[in-house]
Amino acid sequence: MFKKMLLGAAMVGAALIGLQPAARAAESVEVLHWWTSGGEAAGLAVLKKTLGDQGVEWKDAPVAGGGGSGAMTTLKARMTAGNPPSASQMLGFAIQDWADAGALADLTPIATANHWDTAIPKAIQKFATFDGKWIAAPVNVHSTNWIWVSKAAMDKIGGPAPTTYDELIALMDKAKAAGIIPLAQGGQAWQEATLFDSIVLTTGGPGLYQKALIDLDPAALASPEMHTAFTRLAKIASYADKNFPGRDWNLATAMVIKGDALLQVMGDWAKGEFINAKKVPGTDFLCFRFPGTQGTVTFNADQFVFFKHGSSPLDAGSTKMATDIESPAFQSAFNVIKGSAPARTDVSDAAFDACGKKGMADLKEAVAKGTLLGSSAQGYGVPPAIQNAMADVITKEFEGQITADQAFAEFPKAIAAAK
Ligand code: BGC
């Protein structure tokens, strides 16, 4: 159904493209993305400048919202109206859906010339290629199983750094007793789903995570460990302040930056906010893997896809953008600011701060051990319809609309209905 809709949209798009010949100058790119926070804008500025230096004009098409569901809704509307942008930020299974619909330009000649196949981890290539062709340019590897901790709050309550779920709870209890908000949480379904990824991982390890949140194995979904994960979600929700509903993720990060809250559970785009606020890891803030998940990396790689415009090959601006994104120099400059690791594994970590170096080392270890797992909350575990169905149940529990027992029972049903 989803694919049919996309295919229809792409065909309408292709049919209407001929009606707008003057819309796209050769040396410009119109880029749809959801990088609207301070840290994200700083990262995007690196890309804009790289292209601007080569005379490629940047036409900005931002749509806020982590995970990109808002951006994807806008994209579908634009495709249906026959008005595709040059390129769009995109994640995981959505890339495969648009490739399947025949809407994406072939980047293989650029990829071959620049050795993307040897530089980019296979777990990412799986999503960046379709039918043996490269159809997306991975710009980074974010990972989602992190906690971002205020150093001032930690000093006040006296640590220690938590390495297990129980230690995390003990630490949040200490913060509460000291009058510090234990958990800086944003109230949007994708943020709570991102938290839940880590809870499942710490509760049942990479085995349960893979079986329940990626393979959707009914026995794993009905397991006692998943019940524990939902119970823990309710417990962790009790540490958020009462103003969390609707809060944007970067405003939650700001609570940690100011020391009003102890910690945030969030992908390493949160680090972009600390860096943008001129905060230093180890001095102002601390980065730890979500307690109990060291050794596994749940990833979310931002990629850019380029849309076919009639039968013409990729235009000059888009060709420059796809090429630049994968250059080692750009990958370093961009990811130092964005908070992510480079998508290329042959980029030096010299320019990265302590958290960045840790992220890169963890990624390397996870690739070697086979514990680099797609984030289900971020479109790398399951297709978008199932991702959204999961997030709906998780957020209802987090907001207290349903109990942990009810969420545990509803989760497999919501997944089945979305399949
Ligand atoms: C993207 C990140 C972005 C975050 C919040 C995620 O889906 O992968 O690049 O910073 O959303 O907007």
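Below: a short report on this structure. All residue numbers refer to positions counted from 1 along the written sequence of the respective chain. Only residues with pLDDT of at least 70 are given local features in this predicted model, and only at 80 or more are side-chain atom pairs given and counted; all residues enter the totals for whole chains, interfaces and linings. Neither water nor hydrogens contribute to the side-chain values; these are computed over all heavy atoms in the structure.

**Some details on the state of the cysteines**
- Put simply, a disulfide is two cysteine sulfurs that come within 2.5 Å. Following the criterion strictly, the structure yields one disulfide and no others.
- Paired by a disulfide, C287 and C355 hold their sulfur atoms 2.2 Å apart. Sign of the S-S torsion, about -105 degrees for the bond between C287 and C355, identifies this disulfide as left-handed. A residue pair is termed long-range when its members are at least 10 positions apart, and C287 in strand β11 (residues 285-289) and C355 in helix α17 (residues 354-369) qualify at 68 residues. Secondary structure elements are defined from DSSP: runs of H or I of at least 4 residues count as helices, runs of E of at least 2 residues count as strands, and each element is numbered from the N terminus.

**Some remarks on the packing of helix α9 (residues 165-177) against helix α12 (residues 224-237)**
- Relative to each other, α9 and α12 sit at 20 degrees, their axes nearing to 11 Å. In terms of orientation, α9 and α12 fall into the roughly parallel class. Both α9 and α12 take part in a crossing whose hand is left-handed. Between α9 and α12, the residues in contact are Y165, L168, I169 and M172 and R232, K235 and I236, respectively.
- Three residue categories are used. Nonpolar comprises Ala, Val, Leu, Ile, Met, Phe, Trp, Tyr, Cys and Pro, charged comprises Asp, Glu, Lys and Arg, and polar comprises the others, including Gly. Residue composition of the contact of α9 with α12, by class: five nonpolar, no polar and two charged. For every element, the axis is a line fit to its C-alpha atoms; helices are fit only across the contacting stretch, and the angle between N-to-C directions ranges from 0 to 180 degrees. Note on terminology: angles under 35 degrees are roughly parallel, angles over 145 are roughly antiparallel, angles of 65 to 115 are roughly perpendicular, and the others are oblique. By convention the crossing between two helices is left-handed if the near helix lies anticlockwise of the far one by an angle smaller than a right angle, and right-handed if it lies clockwise. Whether two residues touch is decided by their heavy atoms; if any such pair falls within 4.5 Å, the residues are in contact.

**So, the nonpolar core**
- In terms of nonpolar packing, the biggest core is built from 61 residues, with M90, F299, F304 and M321 touching the most fellow members.
- Excluding its chain neighbours within four sequence positions, the residues that come into contact with M321 are V29, V31, L47, L51, W58, A87, F304 and F306.
- Ranked by size, the runner-up nonpolar core spans 57 residues in total, among them A153, L168, L216 and L233. For the purposes of this section, nonpolar cores are sets of buried Ala, Val, Leu, Ile, Met, Phe, Trp, Tyr and Cys residues that join through side-chain atoms within 4.5 Å. Each residue is assigned to one of three classes by its accessible area relative to the maximum for its type, calculated with a 1.4 Å probe on protein chains only: buried under 20%, partly exposed between the two thresholds, exposed over 50%.

**Quick word on the sheet that holds strand β8 (residues 146-150)**
- The strand order across the open sheet formed by four strands is β9-β10-β8-β11, and the pairing between neighbours is mixed. Of all the strands in the sheet, just β9 (181-183) and β11 have a single pairing partner and so form its edges. The mean inter-strand angle of the sheet, taken between neighbouring strand axes irrespective of direction, is 20 degrees.
- Note: β9 against strand β10 (residues 261-265), two bridges, orientation parallel. Along β10, the bridge assignment pairs I181 with A261. Note on pairing: two strands pair once DSSP finds at least 2 bridges between them.

**Thoughts on the site of the ligand**
- In the vicinity of the ligand lie 14 residues, with E40, G67, D302, K338 and Q378 positioned nearest.
- A distance of 2.8 Å separates an oxygen atom of the ligand from a polar side-chain atom of N300.
- Protein coverage of the free-state accessible area of the ligand, which is 310 Å², stands at 100%.
- A per-class count over the shell around the ligand returns five nonpolar, six polar and three charged.
- How far each domain reaches was decided by an automatic or database domain assignment. Both domains that meet at the shell around the ligand, namely domain 1 (2-142 + 299-367) and domain 2 (144-298 + 372-418), each give it at least three residues. Proximity criterion: a residue is near a molecule or strand once any of its heavy atoms comes within 4 Å of it. Each polar contact in these results corresponds to two N or O atoms within 3.5 Å; when the atoms are within protein, one needs to be able to donate a hydrogen and the other to accept it, and residues that are neighboring in sequence are counted only if both atoms are side-chain atoms. Using the Shrake-Rupley algorithm and a 1.4 Å probe, accessible areas are obtained, with residue cover drawn only from the displayed protein chains.

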